[in-house]
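# Analysis of the macromolecular model
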Amino acid sequence: MIRQFSAKSPQIQRSMGILLTEPKPHVYFVNNTEDQEIHEIISVLGERGIALSMKTKMLFKDTDFYINGDAVNPTSALTVKQLQMLANQREMEPIDAAEALKNPEFQYFLFGFAKAGWVETLM
């Protein structure tokens, strides 16, 4: 059964992405958005910019993304580009964040990231 898997198999790549981004046991994230609605969170991120938390680990390979031990699979090329920008730069200036957050799929992912405490405002 092991021979069926190669280093390029999707299962191995997914497992490695999840493993490499899994936070250490002593790392925890704080949800500062508990009492906020989605439109409030998105508005603040758009106005102030987006930054990955210093504790956040985010990797990608092609269109597969891994963040803090979770796999994220965007469906649109635009969302892939936006998530790649965030992963590479670890932040988005307010003008870029506001534009990216017009994309409903990107907005969906960022809302989840904010609720998990994985992103914060840049300013």
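Reading the values: rules and limits
Residue positions are given per chain, counted from 1 along the sequence in the order it is written. Confidence filtering applies because this is a predicted model: local features only for residues at pLDDT of at least 70, side-chain atom pairs given and counted only at 80 or more, and all residues used for totals across whole chains, interfaces and linings. Values shown for side chains rest on all heavy atoms present in the structure; no hydrogens or waters enter the calculation. Strands are treated as partners if at least two bridges between them are detected by DSSP. We count a stretch as a helix when DSSP gives it H or I for four or more residues in a row; a strand needs E for two or more, and each element gets its number in order from the N terminus. Residue contacts follow a heavy-atom distance rule, with two residues in contact if any of their heavy atoms lie within 4.5 Å. Axis lines are fitted through C-alpha atoms, for helices just across the contact stretch, and the angle between N-to-C directions can take any value from 0 to 180 degrees. Here the nonpolar core consists of buried residues drawn from Ala, Val, Leu, Ile, Met, Phe, Trp, Tyr and Cys, with membership extended through side-chain atoms lying within 4.5 Å. Per-residue accessibility, obtained with a 1.4 Å probe over protein chains only, is compared with the maximum for each type, and a residue is labelled buried under 20%, exposed over 50%, and partly exposed between these values. Reported orientations rely on four angle classes, namely roughly parallel under 35 degrees, roughly antiparallel over 145, roughly perpendicular from 65 to 115, and oblique for the rest. Each residue is assigned to one of three groups, with Ala, Val, Leu, Ile, Met, Phe, Trp, Tyr, Cys and Pro labelled nonpolar, Asp, Glu, Lys and Arg labelled charged, and all others, Gly among them, labelled polar.

Of the strand pairs in this sheet, strand 2 (residues 58-61) and strand 3 (residues 64-67) are connected by four bridges, and their pairing is antiparallel. Counterpart to Leu59 in the pairing with strand 3 is Tyr66. Between the end of strand 2 and the start of strand 3, which pair antiparallel, lie two residues, with Asp62 showing a positive phi angle near 55°.

Strand order across the open sheet formed by three strands is 5-1-6, with antiparallel pairing between neighbours. Edge positions in the sheet fall to strand 5 (91-92) and strand 6 (119-121), since each of these pairs with one other strand and no more. Pairing geometry for strand 1 (residues 50-52) and strand 6, over three bridges, is antiparallel. Bridge pairing links Ala51 to Glu120 in strand 6. In the packing of helix 2 (residues 38-48) onto the sheet, the strands contacted are strand 1 and strand 6, and the crossing angle to strand 6 comes to about 65°.

Glancing now at the nonpolar core. Counting 25 residues, the largest nonpolar core has Ile50, Leu83, Phe106, Leu110 and Phe113 as its most contacted members. Looking at this core, the elements that each hand over two or more residues are helix 2, strand 1, strand 3, helix 3 (77-89), helix 4 (94-100) and helix 5 (104-116). No other element matches helix 5, which puts five residues into this core. Apart from the residues lying within four places of it in its own chain, the contact partners of Ile50 are Leu45, Leu86, Arg90, Glu91, Met92, Ala97, Leu101, Phe106, Leu110, Val119, Glu120 and Leu122.

Contact geometry of helix 2 with helix 5 gives a least axis separation of 10 Å together with a crossing angle of 95°. One way to sum up the angle between helix 2 and helix 5 is to call them roughly perpendicular. For the pair formed by helix 2 and helix 5, the contact residues are Ile38, Ile41, Ile42 and Leu45 on the first element and Gln107, Leu110, Phe111, Ala114 and Lys115 on the second. Partitioned by chemical class, the residues of the contact of helix 2 with helix 5 number seven nonpolar, one polar and one charged.

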